[in-house]
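Secondary and tertiary structure notes
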Amino acid sequence: MPSFKKVFLFLIVLFLYKSSSYGQAPLTMLQIQKQYGGIWIDKKTSRCLQITFENDSYAMITDWTAKYQSRASGDVYKAFIKNARLVMPEDKEHHASYSEITVEKNKLVYRTKPNDILKSSTWDKQIFTRKK
């Protein structure tokens, strides 16, 4: 009977340990929101991105070129959060390439895999800085 109590106690401790580890998920999401959220600009092209978070699984990206259009007339994309990156899957119907967004050394790196006829193995890359 004493061994049953030990197993039961072990299971309770294990359950409490597992349930407390789930408390870390919102903190991670807050870090992702802080890392990516806001307005980013590529000064060379005047392309701007505004990243906002609708929920814990995706972000909304408003994309416009400040030189030619306003934010209100920009394109809007949904990016899914995967492994602390923002991922936009390929959409053949709308001719959208697969893209990934990461933050490296306080710069936002927007990589796009071209879906042209040649299917090249290179990625297009654009660098943004946070708008102050």
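Heads up: these notes are all about the structure in this document. Treat the numbers as computed from the prediction; the structure is a model and nothing was measured.

**Side note on the overall build of the protein**
Each helix and strand counted, the protein has two helices and eight strands in total. The N-to-C order of helical and strand elements in the protein reads α-α-β-β-β-β-β-β-β-β. Counting across all 132 residues of the protein, residues that qualify as buried make up 30%. Taken as a whole, the protein presents about 9,600 Å² of accessible surface, with 59% of it coming from carbon and sulfur.

**Here we look at the pairing of strand β2 (residues 47-53)**
Here is the key point about a regular strand: its side chains alternate between the two faces of the sheet. The buried count for β2 comes to five of seven residues, which makes it a mostly enclosed element. Pairing geometry for strand β1 (residues 38-42) and β2, over five bridges, is antiparallel. Across the sheet, the residue bridging to Asp 42 is Arg 47, located in β2. Linking β1 to β2, which pair antiparallel, is a turn of four residues; within it Ser 46 sits at a positive phi near 60°. Direction of pairing for β2 relative to strand β3 (residues 58-65): antiparallel, over a ladder of seven bridges. Counted as the bridge partner of Cys 48 is Trp 64 from β3. Where β2 hands over to β3, the hairpin turn is made up of four residues, counted between the paired strands.

**With respect to the side chain of Gln 126**
Within the secondary structure layout, Gln 126 lies in strand β8 (residues 124-130). Excluding residues within four positions of it along the chain, Gln 126 makes contact with Asp 42, Thr 45, Arg 47, Leu 108, Val 109 and Tyr 110.

**Considerations on the pattern of salt bridges**
Evaluation of the coordinates by the stated rule reveals three salt bridges. Where Arg 85 meets Glu 100, a salt bridge forms, and the shortest distance between an N and an O atom there is 2.6 Å. Here Arg 85, found in strand β5 (residues 85-88), pairs with Glu 100, found in strand β6 (residues 98-104); they are 15 residues apart in sequence, far enough to count as distant. Under the relative-accessibility criterion, Arg 85 is labelled partly exposed at 23%.

**Observations regarding the packing of aromatic side chains**
Per the stated rule, a full pass over the model turns up two aromatic pairs. The interplanar angle of 75° and the centroid separation of 5.9 Å between the aromatic rings of Tyr 98 and Trp 123 together place this pair among those described as edge-to-face. With a gap of 25 residues between them, Tyr 98 in strand β6 and Trp 123 in the loop between β7 (107-113) and β8 connect regions that are remote in the sequence. Taking the centre distance of 6.4 Å and the plane angle of 50° together, the rings of Tyr 110 and Phe 128 count as tilted. On the criterion of sequence distance, the pair formed by Tyr 110 in strand β7 and Phe 128 in strand β8 is long-range, its members being 18 residues apart. The ring of Tyr 110 is capped by Arg 47, whose NZ or CZ atom sits 4.7 Å from the centre of that ring. Across from the ring centre of Tyr 58, 4.3 Å away, lies the NZ or CZ of Lys 78, which sits over that ring.

Reading guide: rules and limits
Residues numbered from 1 in each chain as written. Predicted model: local features only at pLDDT ≥ 70, side-chain atom pairs only at ≥ 80, totals over all residues. Heavy atoms only, no water. Helix = DSSP H or I, 4+ residues; strand = E, 2+ residues; numbered from the N terminus. Buried < 20%, exposed > 50% of the residue type's maximum accessible area, 1.4 Å probe, protein only. Areas by Shrake-Rupley, 256 points an atom, 1.4 Å probe, with all protein chains shown as cover. Pairing = 2+ DSSP bridges. Contact = heavy atoms within 4.5 Å. Salt bridge = Lys/Arg side-chain N within 4 Å of Asp/Glu carboxyl O. Phe/Tyr/Trp six-rings, centres within 6.5 Å; stacked < 30°, edge-to-face > 60°. Lys NZ or Arg CZ within 6 Å of the ring centre and 35° of its normal.

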